[in-house]
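Examining the three-dimensional arrangement
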Amino acid sequence: MGAGKSTLAEEAAARAGFAVHDLDESIEHAVGDIASFFEEHGEPAFRELEEEETLWALLEAPPSVLALGGGAVTSPAVREGLRVRAITLWIDTDVDTCWERSRGSGRPLARDEAEFRRLYEERRPLYEEVADAVVRDADDVVLAAAGIRVERGAIHRLGELVPGDGPIALVSDPNVAGIHGADAQLALGRRLTQVHELPPGEEAKTLAALDRLWQDLRLDRGGTIVALGGGCTTDAAGFAAAAYLRGVAWAPVPSSLVAQVDAAIGGKTAIDLPQGKNLVGAFHWPAATVIDPGLLETLPEAQRREGMSEVVKTGLLAGEPLWELRDDDLVRRCAAFKAALCLRDPLDTGERAILNLGHTFAHALEAGARFQHVTHGEAVGLGLLAALRLSGRDPAPVEEILRPAKVRADRELAWQAMHRDKKVVGGELRLVLLGDDGPRWNVFVPAEDVRRELDALIEG
């Protein structure tokens with residue numbers, strides 16, 4: 001009582017696109033005034049009714065965010081239902097705050113302070129037992145719902161954080177493996193049965209690299225691929241997992257800023273074709289995503305600048321200067337923003353498209369440069385400039401933080417790549433732009449305007 005469950009449930013449900021089901025409200029609807037029911041029938045009768053309502057919500061109702069009564073977990077049947085059917089989150093609020101919020105509320109068990117405090121201590125071990133995670137705000141709830149753990153030092157707990165008990169294949173690239181591979185292997189322990197390497201960078205996202213990986217893998221259907229590395233590694237290893245044995249579990253452990261705030265989140269996996277970026281892939285939601293912001297401490301400055309392009313993009317979409325935050329909060333807030341979008345639109349059929357702000361231009365520039373000379377971060381920075389100009393918005397945040405410079409690319413090849421982009425509809429280019437009321441997607445822009453902005457991003 002008084003932890004703030006109802007308020008947080010409402011906020012988190014709106015963010016994740018779920019209905020919200022407050023069990024106290026359901027019981028009150030069934031019996032009328034709960035205090036009167038307590039006095040007339042006693043607490044055992046109330047607990048029996050609470051158990052029935054909670055089990056129905058867990059087992060029969062559509063997926064939703066449930067706000068449980070404080071005493072619901074005293075039922076063994078409810079605890080088992082939570083174990084089987086729910087991600088259970090605990091708002092660990094101190095007893096003084098809970099009492100101040102509950103006193104005078106008319107709740108039957110919030111009339112005597114000493115009894116309230118006794119109940120708090122009595123129930124606390126049960127909350128610890130059933131909780132899959134401790135949360136403090138809607139960002140934490142969204143991350144937990146998406147199976148994302150953001151925790152400094154998490155790489156040392158991979159054995160606990162990667163679900164399942166089957167064998168694990170660790171996939172990385174030579175650079176990341178040389179820095180973090182030993183820690184990951186030690187943490188995965190006896191479940192780790194094989195280690196594989198993909199080439200660094202975009203070379204990992206080729207059919208040749210995937211063919212070698214598929215042939216070398218020795219997993220059964222109960223196995224898991226753990227992808228340790230940047231966005232190219234997680235993209236490629238995730239697609240390998242989606243296709244191998246028609247789909248095995250996978251868990252990205254992103255090591256770069258771009259992967260921690262964007263690439264490793266949401267279950268999109270893909271490889272490139274010569275004609276364009278990410279043209280072959282699959283939606284394959286990870287069993288878990290383990291993000292350790294501490295890994296960013298070994299990140300070269302150039303790669304950090306790469307990741308800032310996705311941070312700026314996320315901040316523009318969210319309408320907040322997320323780029324000003326320190327690493328731990330920056331990663332958590334950006335990851336939660338994308339996770340919420342992906343929960344609401346898991347197969348990218350609607351508003352998830354806003355995550356492509358600037359990316360249609362970026363992918364065209366990369367293809368126009370034949371995936372040489374132009375990094376993804378540089379291309380995204382330029383793409384954001386173009387998108388802001390077409391939106392009639394001030395490009396200052398992009399110019400000041402990312403300082404994008406024109407790149408060398410084949411104009412015609414880049415223009416052709418834009419027309420093979422996934423966001424082309426009926427042969428017409430559709431873009432993500434920023435309106436006065438927030439991001440808009442599937443926006444038609446005349447071809448001559450798009451071509452003008454694309455050419456302005458290329459040298460010469």
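Figured I'd write up the structure that's included with this text. (Residues numbered from 1 in each chain as written. Predicted model: local features only at pLDDT ≥ 70, side-chain atom pairs only at ≥ 80, totals over all residues. Heavy atoms only, no water.)

Thoughts on the pattern of salt bridges
To keep things clear, this is the line we draw: Note on definitions: salt bridges are taken to be side-chain nitrogens of Lys or Arg within 4 Å of carboxyl oxygens of Asp or Glu. Each residue's exposure class comes from its accessible area (1.4 Å probe, protein chains only) as a fraction of the maximum for that residue type: buried when under 20%, exposed when over 50%, partly exposed otherwise. Only DSSP runs of H or I covering at least 4 residues are called helices, and only runs of E covering at least 2 are called strands; the numbering of each starts at the N terminus.
Per the counting criterion, the structure on display carries 38 salt bridges. Of the charged contacts, one joins arginine 103 and glutamate 100 as a salt bridge, the two residues approaching to 3.2 Å between their closest N and O atoms. Given a relative accessible area of 44%, arginine 103 falls into the partly exposed group. Ionic pairing is found between aspartate 272 and lysine 205, a salt bridge with its closest N-O pair at 3.7 Å. One end of the pair, aspartate 272, is in strand 10 (residues 268–273); the other, lysine 205, is in the loop between strand 7 (192–197) and helix 11 (207–216), with 67 residues separating them in the sequence. Overall, lysine 205 belongs to the buried group, its relative accessible area being 2%. Among the charged side chains, a network of salt bridges with common partners joins Arg15, Asp139, Glu320 and Arg333.

Some details on a negative patch on the surface
Basically, it comes down to this: Candidates for patches are residues over 30% relative accessible area with no salt bridge; among them, like charges are joined within 9 Å and nonpolar side chains (Val, Leu, Ile, Met, Phe, Trp, Tyr) within 5 Å. To be clear on the numbers: accessible area is Shrake-Rupley with a 1.4 Å probe, and residue cover counts the displayed protein chains and nothing else. The charge count includes Lys and Arg as positive and Asp and Glu as negative, but it does not include His or the ends of the chains. Here the site of a charge means NZ on Lys, CZ on Arg, CG on Asp, or CD on Glu.
Taken together, Glu10, Asp24, Glu25, Glu28 and Asp33 make up a surface patch of like negative charges. Here glutamate 25 shows up in helix 2 (residues 23–31). Accessibility expressed as a relative area gives 54% for glutamate 25, which makes it exposed.

Digging into the nonpolar core
Within soluble globular proteins, side chains that are nonpolar generally end up buried alongside one another. This is how it is decided: Here the nonpolar core consists of buried residues drawn from Ala, Val, Leu, Ile, Met, Phe, Trp, Tyr and Cys, with membership extended through side-chain atoms lying within 4.5 Å.
With 64 residues, the main nonpolar core has Leu257, Phe361 and Leu454 as its most contacted residues. Looking at this core element by element, the count peaks at 10 residues for helix 15 (residues 327–344). Within the second largest apolar cluster, 20 residues are counted, among which are Leu198, Leu219, Val248 and Trp250.

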